[in-house]
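# Coordinate inspection notes
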Amino acid sequence: MTAVPLTPPHRLHLVVLGGTGFVGSHLLPRLAAHGHSVRVLSRNRERHRELAVLPGISVHSADVYDRATLVRHLRDADAVINLVGILNETGGARFRKAHVDLTATLMAACRESGVRRLHQMSSLRAGEGQSMYLITRGEAERVVRASGLNWTIYRPSVIFGPGDGLVTRFAALLRRLPLLPLARPRARRAPVAGQNVCAAIVRALATPESVGSIYELYGPETLQLIQIVRMVRDAAGLRRPILPLPDTLGYLQARIGELLPGTPISVDNFKSLALDSVGEQDGLAALGIVPQRFSVALPQLLGGRHDHTALLDAARRVSGLTPEDRARLP
């Protein structure tokens with residue numbers, strides 16, 4: 001994949017599904033900074049009213065699994081960004097419903113409402129292995145590719161950033177436990193910064209050649225899971241032994257983890273870890289993005305914060321941007 005040219009930036013009317021999740025919370029300020037008008041569909045807008053401080057962002061309560069509701073909100077949109085995804089099944093949240101069924105419903109709603117442009121979040125190794133997370137991500141990709149729409153698919157490795165499920169989760173476990181047993185310690189990952197993933201989406205919005213492209217998004221460092229956890233421990237200034245588990249005990253840990261609050265690990269997570277999350281085609285380079293190194297970002301990440309005050313700060317920065325400033329944004 002080679003770098004592709006950008007068209008001059010212009011204001012788009014976007015609809016975002018899953019915009020209140022981890023990636024969405026970092027993407028929305030960036031979209032606002034570029035001057036786009038964004039309609040965020042959420043199950044309960046009252047729980048995410050703080051997003052409205054961002055200029056051009058509006059949050060609407062909507063059942064994204066209902067086709068008629070989607071059609072109503074998609075009318076006049078230039079593009080839709082689907083960030084919906086779950087890492088574990090809990091309550092009524094099921095992999096097939098969240099990844100495959102929703103994607104199929106969204107494709108039908110796009111065709112009915114006349115929206116031709118789709119940006120779909122997926123995952124590295126989608127469609128491979130025995131994990132239902134990866135299997136259904138792959139099925140969703142097939143639905144998108146057969147839709148007849150102008151699609152772009154993003155396949156990130158494990159994502160790090162303020163409020164993530166990687167550094168934040170392991171730091172919490174290390175602070176709470178005197179010893180951390182670790183399943184699949186040799187699983188290889190190429191952690192990618194959330195800000196780089198968001199930059200890729202924003203760049204692809206302004207890149208006509210991104211239509212029909214699948215961007216693998218990964219960082220420059222390939223690390224074993226045990227290396228990542230040790231780095232988090234050391235950066236946090238903790239003294240905790242980390243116990244690598246053989247697969248038999250790792251599987252048992254995953255079974256027990258499904259019963260614990262917050263599900264620190266599940267059997268499906270364990271199956272996902274059987275595959276290395278390392279890319280082969282550098283999507284960040286193709287979009288002209290210099291990746292952030294996990295090792296460099298880690299100390300600041302552990303000392304940072306991700307709350308409503310940070311969002312307000314972002315809103316103030318966005319409001320002060322001139323059109324020339326917006327044009328120079330990455």
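Residues numbered from 1 in each chain as written. Predicted model: local features only at pLDDT ≥ 70, side-chain atom pairs only at ≥ 80, totals over all residues. Heavy atoms only, no water.

## So, the overall build of the protein
Cut-off, in case you're wondering: Under the DSSP-based scheme used, a helix requires at least four consecutive residues in state H or I and a strand at least two consecutive residues in state E, with every element numbered from the N terminus. The contact criterion used throughout is that any non-hydrogen atoms of two residues lie within 4.5 Å. Note on areas: these come from Shrake-Rupley sampling with a 1.4 Å probe, and a residue is covered only by the protein chains present in the view.
Across its full length, the protein carries 13 helices and 13 strands. Contacts in the protein between residues at least 24 apart in sequence constitute 77% of all its contacts with a sequence separation of at least 6. Carbon and sulfur atoms form 52% of the exposed surface of the protein, whose accessible area is close to 15100 Å².

## Points about the environment of Asp63
Applied cut-off: Contacts described as polar in this section are N or O atom pairs within 3.5 Å, which, within protein, must combine one atom able to donate a hydrogen with one able to accept it, while residues neighboring in sequence count only if both atoms come from side chains.
As for its placement among the helices and strands, Asp63 is situated in the loop between β3 (57-61) and α2 (67-74). Along the backbone, Asp63 and Arg43 are 20 residues apart, and their C-alpha atoms lie at a distance of 6.1 Å. Only 3.0 Å separates the side chain of Asp63 from the backbone nitrogen of Tyr65, close enough to count as a polar contact.

## Section: the pattern of salt bridges
Note the threshold: The salt bridge criterion pairs a side-chain nitrogen of Lys or Arg with a carboxyl oxygen of Asp or Glu, the two atoms within 4 Å. Only protein chains enter the accessibility calculation, which uses a 1.4 Å probe; a residue is then buried when its area is under 20% of its type maximum, exposed when over 50%, and partly exposed in between.
If you walk through the whole model with that rule in mind, you get eight salt bridges. For Arg96, the salt bridge goes to Glu139, with nearest N and O atoms at 2.3 Å. Residue Arg96 is located in helix α3 (residues 95-113), and its partner Glu139 is located in helix α4 (residues 132-145); the two are separated by 43 residues in the primary sequence. Relative accessible area serves as the criterion here: at 18%, Glu139 is assigned to the buried category.

## Regarding the nonpolar core
Threshold: Side-chain atoms within 4.5 Å are what join buried Ala, Val, Leu, Ile, Met, Phe, Trp, Tyr and Cys residues into a set we call a nonpolar core.
Ranked by size, the top nonpolar core spans 35 residues in total, and within it Leu14, Leu27, Leu28, Leu31, Val38, Ile81 and Leu83 carry the most contacts. Secondary-structure elements contributing two or more residues to this core are β1 (13-17), α1 (22-33), β2 (37-42), β3, β4 (79-82), α6 (194-205), β11 (213-217) and α10 (283-286). The element best represented in this core is α6, accounting for eight residues. When sequence neighbours within four positions are dropped, the list of residues in contact with Val38 reads Leu14, Val16, Leu28, Leu31, Gly56, Ile57 and Ser58. Listed in part, the 29 residues of the second largest apolar core include Ile86, Ala98, Leu102 and Val115.

## Comments concerning the packing of α3 against α4
To keep it simple, the criterion reads: Every axis corresponds to a line fitted to the C-alpha atoms, with the helix fit spanning only the stretch in contact, and the corresponding angles, defined between N-to-C directions, vary from 0 to 180 degrees. Throughout, the term roughly parallel applies to angles under 35 degrees, roughly antiparallel to angles over 145, roughly perpendicular to angles from 65 to 115, and oblique to all others. When residues are sorted by character, Ala, Val, Leu, Ile, Met, Phe, Trp, Tyr, Cys and Pro go into the nonpolar class, Asp, Glu, Lys and Arg into the charged class, and all the rest, Gly among them, into the polar class.
The contact between α3 and α4 brings their axes to 8 Å, and the two run at 5 degrees. One element, α3, and the other, α4, form an angle in the roughly parallel class. Contacts from Phe95, Arg96, His99, Val100, Thr103, Ala104 and Met107 of α3 reach α4 at Met132, Tyr133, Thr136, Arg137, Glu139, Ala140, Val143 and Val144. Looking at the contact of α3 with α4 residue by residue, the class counts come to nine nonpolar, three polar and three charged.

## Quick notes on the sheet that holds strand β6 (residues 150-156)
Operational definition: Strands qualify as paired when DSSP identifies two bridges or more between them.
In spatial order, the strands read β3-β2-β1-β4-β5-β6-β11; together these seven strands make up an open sheet with parallel pairing. Both edges of this open sheet fall to β3 and β11, since each of them pairs with a single strand only. Each adjacent strand pair in this sheet contributes to an overall mean axis angle of 20 degrees, direction not counted. Running over the sheet, α6 touches β1, β4, β5 (117-121), β6 and β11 and is turned about 165 degrees from β5.

## So, helix α8 (residues 247-257)
Heads up, the rule is: Note that the arc is computed from the directions linking the helix axis to the C-beta atoms.
Residues of α8 that are buried include every one of Gly250, Ala254 and Gly257, and no others. One side of α8 carries all its buried residues, which in axial view fall inside an arc of 60 degrees. In the core, the buried residues of α8 are packed alongside α9 (267-272).

## Some points on the confidence of the model for the protein
Counted only if it meets this: As a per-residue measure, pLDDT tells how confident the predictor is, with possible values from 0 to 100.
Chain-level statistics for the protein give a pLDDT mean of 90 and a share of 88% at 70 or above. Below pLDDT 50 for its whole length, residues 1-8 participates in 20 contacts with residues either more than four positions away or in separate chains.

## Focus on the pairing of β11
Most of β11 sits out of view: five of its five residues are buried. In β11, alternate side chains face the same way, and those of Ser213, Tyr215 and Leu217 on one face and Ile214 and Glu216 on the other are all buried. In terms of strand pairing, β6 meets β11 through five bridges, oriented parallel. Bridge assignment links Ile153 to a residue of β11, and that residue is Ile214.

## Digging into a nonpolar patch on the surface
Note the threshold: Patch membership is restricted to residues that have no salt bridge and whose relative accessible area is over 30%. Joining uses 9 Å for like charges and 5 Å for the nonpolar side chains Val, Leu, Ile, Met, Phe, Trp and Tyr.
Together, Leu249, Leu252, Ile256 and Leu260 make up a nonpolar patch on the protein surface, roughly 350 Å² of accessible area in all. Of the residues examined, Leu252 reaches a relative accessible area of 46% and is grouped as partly exposed.

## Side note on the packing of aromatic side chains
This is how the line gets drawn: Ring geometry is summarised as follows: Phe, Tyr and Trp rings, the Trp one being its six-membered ring, pair when their centres sit within 6.5 Å, and such pairs are stacked at plane angles under 30 degrees, edge-to-face over 60 and tilted between the two. Charge-over-ring placement is defined geometrically: NZ (Lys) or CZ (Arg) within 6 Å of the ring centre, and within 35 degrees of the ring normal.
Under the defined criterion, the tally for this structure stands at four aromatic pairs. With a centroid separation of 6.2 Å and an interplanar angle of 70 degrees, the aromatic rings of Phe95 and Tyr133 are classed as edge-to-face. Highlighted residues: Phe95 in helix α3 and Tyr133 in helix α4, separated in sequence by 38 residues. Using a relative accessible area of 3% as the deciding quantity, one classes Phe95 as buried. Taking the centre distance of 6.0 Å and the plane angle of 70 degrees together, the rings of Tyr251 and Phe270 count as edge-to-face. Separated by 19 residues along the polypeptide, Tyr251 in helix α8 and Phe270 in helix α9 bring together distant segments of the chain. In this arrangement the basic side chain of Lys97 is found over the ring face of Tyr65, its NZ or CZ atom lying 4.7 Å from the centre. It is Arg184 that lies over the ring of Phe270; its NZ or CZ is 3.8 Å from the centre.

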